[in-house]
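So you can see what is in the structure, the chains are spelled out below.
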Amino acid sequence: MLVDREGLWFRVLAARYGVERGRLRVGGRSGSTWWREIARIREGSELGGSWFGEHVSKRVGDGSSSFFWTDPWVEGIPLCERFGRLFDLSENRGLTVAEMFSLGWGVAGEAW
């Protein structure tokens, strides 16, 4: 539901709450109760810590549904936090792994 960016539910939630850094926004006080609860589970602030991250795994596959900068990678920390300065300098902050790869990784790679 949240991974398929072309799917109906993703588009409905994106229209309602917006997208920030490649992820659906929570919506603050204007968000519905169920959506705030899902976001809390996603962020690990409910059910005794990082329940969601400890019980659900993610395979990158072809990289089309994994965000390069904002998805948690090593020890549950996204690259945008681990390498904040590099993220601030990046022109492509909301891209998936597949999109970054297609732009190129080399010294003159457009992905950076």
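An account of the accompanying structure is given in this report. (Residues numbered from 1 in each chain as written. Predicted model: local features only at pLDDT ≥ 70, side-chain atom pairs only at ≥ 80, totals over all residues. Heavy atoms only, no water.)

**Section: the packing of aromatic side chains**
Here is the rule: Only centres within 6.5 Å qualify two rings of Phe, Tyr or Trp (six-membered ring in Trp) as a pair; their planes then separate them into stacked at under 30 degrees, edge-to-face at over 60, and tilted for everything else. The rule for a charge over a ring is simple: NZ of Lys or CZ of Arg within 6 Å of the ring centre, and within 35 degrees of the ring normal.
One pass over the full model with this rule turns up two aromatic pairs. Measuring from centroid to centroid gives 5.1 Å for F68 and W69, while their planes differ by 90 degrees, and the two rings are edge-to-face. An aromatic cluster of at least three residues, connected via ring pairs, comprises F68, W69 and F87. Across from the ring centre of F87, 5.2 Å away, lies the NZ or CZ of R93, which sits over that ring.

**Describing the pattern of salt bridges**
The line we're drawing: Salt bridge, as used here, is a side-chain nitrogen of Lys or Arg placed within 4 Å of a carboxyl oxygen of Asp or Glu. Burial here depends on accessible area, computed with a 1.4 Å probe over protein chains only, as a share of the maximum for the residue type. Under 20% is buried, over 50% is exposed, and the range in between is partly exposed.
Inspection of every chain in the model, using the stated rule, returns one salt bridge. Across the pair R25 and E20 runs a salt bridge, and its minimum N-O distance is 3.3 Å. A relative accessible area of 42% places R25 in the partly exposed class. For E20, a relative accessible area of 47% puts it in the partly exposed group.

**Description of helix α1 (residues 8–17)**
Counted only if it meets this: Put simply, DSSP H or I for four residues or longer makes a helix, DSSP E for two residues or longer makes a strand, and each gets a number counted from the N terminus. Think of it as the arc spanned by the lines of direction from the helix axis to the C-beta atoms.
Residues of α1 that are buried: F10, L13 and Y17. In a view along the axis of α1, the buried residues occupy a sector of 70 degrees, so they form one face of it. Along α1, the residues that are exposed and aim more than 90 degrees away from the buried face are L8 and A15. With its phi angle positive at about 90 degrees, G18 sits one or two positions after the end of α1.

**Side note on the nonpolar core**
Using the following cut-off: Residues belong to one nonpolar core when they are buried, are Ala, Val, Leu, Ile, Met, Phe, Trp, Tyr or Cys, and are joined through side-chain atoms within 4.5 Å.
Of all hydrophobic cores here, the largest spans eight residues; its members are F68, W69, L79, C80, F87, L95, V97 and M100. Listing elements by their share of this core, those giving two or more residues are α4 (79–82) and α6 (97–103). Within the second largest apolar cluster, five residues are counted, among which are L13, Y17, L24 and W35.

**As for the side chain of D71**
Convention followed: Between N or O atoms, a polar contact is any pair within 3.5 Å; within protein, one atom must be a potential hydrogen donor and the other a potential acceptor, and residues adjacent in sequence are included only when both atoms are from side chains.
Counting through the fold element by element, D71 comes out in the loop between α3 (51–55) and β3 (72–74). You can call D71 buried: its relative accessible area is 9%. Engagement of the side chain of D71 in a polar contact is seen with the backbone nitrogen of F67, the distance being 2.8 Å.

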